[in-house]
Each structure stands twice: as structure tokens, then as C-alpha cells.
Amino acid sequence: MSGRSNGLRAYALLYLLFLYAPILLLPLFAFNSGTIIAFPLQGFTTDWFTQMWGNPTLRRALSNSLIIAVSASVMATCLGVFAARATTRFTFPGKGGIMGFIMLPMVLPEIIVAMSLLVVLLGLGIELSILTVILGHTLICMPYGIAILSTAFSSLDRSLEEAAYDLGETKWGAFRLITLPLVMPGIISSLLISFTISLDEFIIAFFLAGTEPTLPTYIFSQLRFPKQIPSIMALGTVLVALSILLLGIGEYFRRRGIARMGGKNGGGFL
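Residues numbered from 1 in each chain as written. Predicted model: local features only at pLDDT ≥ 70, side-chain atom pairs only at ≥ 80, totals over all residues. Heavy atoms only, no water.

(A) Expanded view of the overall build of the protein. Within the protein, the regular secondary structure consists of eleven helices and zero strands. Start at the N end of the protein and walk to the C end: the helices and strands fall as α-α-α-α-α-α-α-α-α-α-α. Expressed as a percentage of its 270 residues, the buried residues of the protein come to 40%. Here the contacts in the protein between residues at least 6 apart in sequence split such that 71% fall between residues at least 24 apart. (Helix = DSSP H or I, 4+ residues; strand = E, 2+ residues; numbered from the N terminus. Buried < 20%, exposed > 50% of the residue type's maximum accessible area, 1.4 Å probe, protein only. Contact = heavy atoms within 4.5 Å.)

See the structure below:
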């Protein structure tokens, strides 16, 4: 049994190394003075970060991506609050089928979702822009927000709301004063995970952005030019650091919310 356990541990370590080694190489080449992405490294420099920030097209793509990510995360979280509240508090005909349909984008291939949205939007005569990307990202992010918020709402003690009703509070007042503060860590977690997913998402943006660049599509377009690769490595380093920071903050609030409501932590976001 001990040998089998050691074998599984070694397999897990090799798997994690294979998965994350390319990400660990990003900062190495981002601070390398050489323009060729190869070993041995030539020297330390921060010029690629300066060149990255001085690129106006990159700044426009970053601005577009931030607008999209903030808008999509807010919309996905608001819709997720409604869905999570309904599924954890009420019973209605077709509840399982409706929730399964809402959660379907989580398991569908994104290219299928993107092509379907593109056909529908063009059929309706809607011009491709940042707005269409926001709608697509909201659709993709909402299932993740619902998964987080459902846990927060299901862990909430209903007797607290009932006590507020007995004291003369309205349903809206009880939700605003009692329910909302208790599920706020889940809401913050949903916002952060949705923001991260939207910021990193490529396929939906590639199909629905039209002529407006986003950060992932800009990175993809620059990979054809070898001289731009070091700047892309610097940009990738910043994005990885930002993603790790946001996911860490989101996980902190998720665990804080579970502990606040007396629940047990059953794992990470997914």
C-alpha cells in the first residue's frame, strides 16, 4: 500500500510539473534581455515591461478587456444571485431542467457557444462590438457564479429570515439587511472568479469582438512577430500574477463565508 501511495504521489507531482512548468517559464523570459526565447538566458532587464506599457494598441486592448470583464462579472453575479436564491429557497415545476439548462455553458465547448451566438447576433442584425462580447462572457461566467452563490445561499440559516419577518420586516428588508450581508463573501467570490474568467477568455472574444481588440485576441495576433514575443512574455507574467491574486482573494472570501455560516469547506471553487 505504501508503494502504491508513493506512486500516486509521484504521478501527481509529475502532472503538476507538466501543467505549470510553462507558466513558470514566463517570468524567466520576461526578465531576459535576449530577444530569442531559448536557453541560456542572456541577462536581466525590465525593458520588455516598459515596451509593453508604451504600446497604444495594447493599452486599448487592455481597456476593452477590463470594461468587458467588469461588466460581465457584475451581470453574471447579479443573475447568479437571482438563480441561486430561487433554486435554494423555492420549489417549482421543471426546476432541475431549468437549472441544468442555465449551467449548460459550463460543459459545452466554447467554440460551439461562440459560433451559436455569432449566428444568432448576425441573424438579429446586431453589430459585433464590446457589448456582444459582454453578453457572451456573461453567459459563460454565470454558471460559475451560480455554483458559488448556491453554496452560499444553501448554507444560510432560514430561521434568521423568519425571525426578521416576525419582527415586522418586509421580504426586501430581510434580504437587504440579513441575507445579503451573510452571502456577501460568496458574491465577492463570484465577482472575482467571473472577472478572471472573462479577462482570460479568448474564443468568445475572437468570434464576437468585431474590430475591437481584447487582450487575449491581441496576444494571439502578436505571436506571428518574433520581436514582439518578449513583450508578450512580460504581459503574460502580469496576467498570471493578476489571475493568481484575484483567485486567491476570491478563495479567501469563499472560505470566510462558509466559516461565517458554520459550514465545512468542501474544496475550492470547482
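(B) Representation of the nonpolar core within the structure. Ranked by size, the top nonpolar core spans 23 residues in total, and within it Ile68, Val133, Ile140, Ile146, Ile197, Ile204 and Leu208 carry the most contacts. Every element with two or more residues in this core is listed here: helix H3 (56–89), helix H5 (110–123), helix H6 (130–154), helix H8 (171–200) and helix H9 (203–208). Residue contributions to this core peak at nine residues, all from H6. Setting aside its immediate chain neighbours within four residues, Ile68 contacts Ile130, Val133, Ile134, His137, Ser198 and Thr214. Listed in part, the 22 residues of the second largest apolar core include Phe29, Leu192, Ile232 and Leu246. (Core = buried A, V, L, I, M, F, W, Y, C linked by side-chain atoms within 4.5 Å.)

(C) Broad picture of the side chain of Thr77. Note that Thr77 resides in helix H3. Side-chain polar atoms of Thr77 contact the backbone oxygen of Ser73, separated by 2.7 Å. Once residues within four sequence positions are removed from consideration, Thr77 is found in contact with Leu149, Ile187, Ser190, Leu191 and Ser194. (Polar contact = N/O pair within 3.5 Å; in protein donor to acceptor, adjacent residues only side chain to side chain.)

(D) Main features of a nonpolar patch on the surface. A surface patch of nonpolar side chains, about 720 Å² in accessible area, is lined by Tyr11, Tyr15, Leu16, Leu19, Tyr20, Ile23 and Leu24. Tracing the backbone through its elements, the reader meets Leu24 in helix H1 (residues 2–30). On the basis of relative accessibility, which here comes to 58%, the residue Leu24 falls in the exposed class. (Patch = residues over 30% accessible without salt bridge, like charges linked within 9 Å, V, L, I, M, F, W, Y side chains within 5 Å. Areas by Shrake-Rupley, 256 points an atom, 1.4 Å probe, with all protein chains shown as cover. Salt bridge = Lys/Arg side-chain N within 4 Å of Asp/Glu carboxyl O.)

(E) Layout of the packing of H3 against H8. Interaxial distance between H3 and H8 falls to 8 Å at its minimum, and their mutual angle equals 140°. The orientation of H3 with respect to H8, classified from their angle, is oblique. Where H3 crosses over H8, the handedness of that crossing is right-handed. Across the interface between the two elements, Ser65, Leu66, Ile68, Ala69, Val70, Ala72, Ser73, Val74, Ala76, Thr77, Val81 and Arg85 from H3 touch Phe175, Thr179, Ile187, Ser190, Leu191, Ser194, Phe195, Ser198 and Leu199 from H8. (Axes fitted to C-alpha atoms, helices over the stretch in contact; angles between N-to-C directions. Parallel < 35°, antiparallel > 145°, perpendicular 65-115°, else oblique. Left-handed = near helix turned anticlockwise from the far one by under 90°.)

(F) Structural view of the pattern of salt bridges. Summed over all chains, the structure comprises one salt bridge. A salt bridge links Glu212 to Arg60; its shortest N-O distance comes to 3.1 Å. Placement of the pair is Glu212 in the loop between H9 and helix H10 (215–222) and Arg60 in helix H3, with a sequence separation of 152 residues.

(G) Looking closely at the layout of surface pockets. The computed volume of the largest pocket comes to approximately 340 Å³. Lining of the largest pocket is provided by 13 residues; of these, Leu199, Asp200, Leu239, Val240 and Ser243 occupy positions nearest its centre. Counting residues per element, the ones that place at least two in the lining of the largest pocket are H1, H8, H10 and helix H11 (229–260). Looking at which element gives the most residues to the lining of the largest pocket, the answer is H11, with five residues. Its residues assigned to classes, the lining of the largest pocket comprises eleven nonpolar, one polar and one charged. (1 Å grid on protein atoms, 1.4 Å probe; cavity = no way out; pocket = protein on both sides within 12 Å on 5 of 7 lines; lining within 4 Å. Points joined across faces, edges and corners; volume = space filled by probe spheres on them. Nonpolar A, V, L, I, M, F, W, Y, C, P; charged D, E, K, R; others polar.)

(H) Spotlight on the packing of H3 against H10. At a closest axis distance of 8 Å, the pairing of H3 and H10 adopts a crossing angle of 145°. Of H10, the residues touching H3 (which contributes Thr57, Leu58, Ala61, Leu62 and Ser65) are Leu215, Pro216 and Tyr218. For the contact of H3 with H10, the class distribution of residues is six nonpolar, two polar and no charged.

(I) Representation of the packing of aromatic side chains in the model. Throughout the structure, instances matching the rule amount to five aromatic pairs. For the pair Phe202 and Phe220, a centre-to-centre distance of 5.3 Å together with 50° between the ring planes defines the contact as tilted. Note that Phe202 is positioned in the loop between H8 and H9 and Phe220 in helix H10, a separation of 18 residues in sequence. For the ring pair Phe206 and Phe220, a centre distance of 6.2 Å and an interplane angle of 80° mean the geometry is edge-to-face. Of this pair, Phe206 sits in helix H9 while Phe220 is found in helix H10, placing the two residues 14 residues apart along the sequence. Judged by relative accessible area, Phe206 falls into the partly exposed class, the value being 49%. (Phe/Tyr/Trp six-rings, centres within 6.5 Å; stacked < 30°, edge-to-face > 60°.)

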